[in-house]
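# Examination of the molecular architecture
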Amino acid sequence: MHKTWRRAALAASLSITGALGGLVAAAPAQAQPVASGSVTFSGDQGDYITGGGSYAYSVAGGDQLTTSASTDASHVSVNVNGYGGDWWYLDFDAPGSQPLTPGTYENATRYPFNGAGPGLSLDGNGRGCNELTGTFTVLNAVFGPNGYVQTFDATFEQHCEGGTTAARGEVHIANPPAPAPLDLALAVATQGTASTVSGKAVVHGTVTCNQPTSVALYGTVTEIVKKTIVRGDFTTRVDCVPGTPAAWAATATPTGTVPFVKGDVEVSTRAQGYDSEYNQYVEVNDTAVVNLIKG
């Protein structure tokens, strides 16, 4: 309960800060599981976050690590769900919108309230700093598209509330090379059908993809019939697999009493697929002139 509330409150404060300050941050990608990695840290006696203890977590040891980066690679977060029930959040933020590259970032303050300077935050197990100062060093950082974290190695030192005691640690993340993002290609055939019975229009085409996905298609058929605009929407869904164009067909029903007839129509189509590698939707659009024949 505490963890959920804290992150919700943090998101709210970020929204307020952005609105008041006119700041626009690059959107973070959704968290990805870490294939191989570890997070270790310890603290001085009197350090509030660690309580003077030492902590070590690793994927090999059965702990769950997830990570994400902003789309401009300026911010990396690492979450720990420990095998024994511990939970920790670790954030590294470069100054401004510059990407996190190897080097030492001094005079870091609490993320996400670090403004134009570097940001850092280690919190969890019900404890967090109201204010902090610190430094971190990025040893290695390799990113893919859409906030994919391939490799990230860093060390850090954090002081809570201006104190001299510190928490110190390191993080190591290794994931496979970034997979290619979902790529969709949409085609609309240049010929369709105007039903002489129902007045509906049938259009068709193909979609291609570079990873398996279910593609939802939405569109509108527009025709001018005797100076009257005839318009109808359509929707359909088709499963797409790489290497083979997936054929689709859909029927548009006119919204009024005037039917679709043979002749040229404008077909606006939108195809949407889900990229399972990066947990996001991908859309492509097409506008084509289609000749309807009687059918």
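Residues numbered from 1 in each chain as written. Predicted model: local features only at pLDDT ≥ 70, side-chain atom pairs only at ≥ 80, totals over all residues. Heavy atoms only, no water.

Another aspect to go through is the state of the cysteines. Per the stated rule, a full pass over the model turns up two disulfides. Residue pairing for cysteine 209: its cysteine sulfur links by disulfide to cysteine 240, the two sulfurs lying 2.3 Å apart. Because the torsion about its S-S bond is -110 degrees, the bridge between cysteine 209 and cysteine 240 counts as left-handed. Of this pair, cysteine 209 sits in strand E14 (residues 201–209) while cysteine 240 sits in strand E16 (residues 228–240), placing them 31 residues apart in sequence. (Disulfide = S-S within 2.5 Å. Helix = DSSP H or I, 4+ residues; strand = E, 2+ residues; numbered from the N terminus.)

We now examine the packing of aromatic side chains. Tallied over the entire structure, the rule returns 12 aromatic pairs. A centroid spacing of 6.2 Å and a plane angle of 70 degrees characterise the contact between phenylalanine 92 and phenylalanine 156, whose relative ring orientation is edge-to-face. Taken together, the residues phenylalanine 92 in strand E6 (residues 87–93) and phenylalanine 156 in strand E10 (residues 149–160) connect sequence positions 64 residues apart. Just as phenylalanine 92 is buried, phenylalanine 156 falls in that class too. (Phe/Tyr/Trp six-rings, centres within 6.5 Å; stacked < 30°, edge-to-face > 60°. Buried < 20%, exposed > 50% of the residue type's maximum accessible area, 1.4 Å probe, protein only.)

For the protein chain, per-residue confidence averages 90 on the pLDDT scale, and residues scoring 70 or more make up 90% of the total. Residue range residues 1–25 is modelled with pLDDT below 50. Its contacts to residues more than four positions away, or to other chains, number 17 contacts. (pLDDT = per-residue confidence, 0-100. Contact = heavy atoms within 4.5 Å.)

Note that valine 39 resides in strand E2 (residues 36–43). We classify valine 39 as buried; its relative accessible area is 2%. Once the C-alpha coordinates of valine 39 and serine 54 are considered, the two residues, 15 residues apart in sequence, prove to be 11 Å apart. Each residue touching valine 39, except ones within four places of it in the same chain, is listed here: Tyr55, Ala56, Tyr57, Leu65, Val78, Val80, Leu90, Glu170 and Val171.

Let us now look at the side chain of asparagine 175. Tracing the backbone through its elements, the reader meets asparagine 175 in the loop between strand E11 (167–174) and strand E12 (184–188). Note on asparagine 175: relative accessible area 9%, which makes it buried. Reaching out from asparagine 175, the side chain makes a polar contact with the backbone oxygen of valine 149 at a distance of 2.8 Å. Leave out the neighbours within four places in its chain, and asparagine 175 touches Gln32, Pro33, Val34, Ala35, Thr67, Tyr148, Val149 and Gln150. (Polar contact = N/O pair within 3.5 Å; in protein donor to acceptor, adjacent residues only side chain to side chain.)

Glancing now at the sheet that holds E2. Across the sheet, which stays open at both edges, the 11 strands sit in the order E1-E4-E5-E6-E8-E7-E9-E10-E11-E2-E3 with mixed pairing between neighbours. Two strands close off the open sheet at either side, each with one partner strand: strand E1 (32–33) and strand E3 (54–58). As defined by bridge partners, E2 adjoins E11 across eight bridges and the pair is classed as antiparallel. What sits directly across from serine 42, in E11, is arginine 168. (Pairing = 2+ DSSP bridges.)

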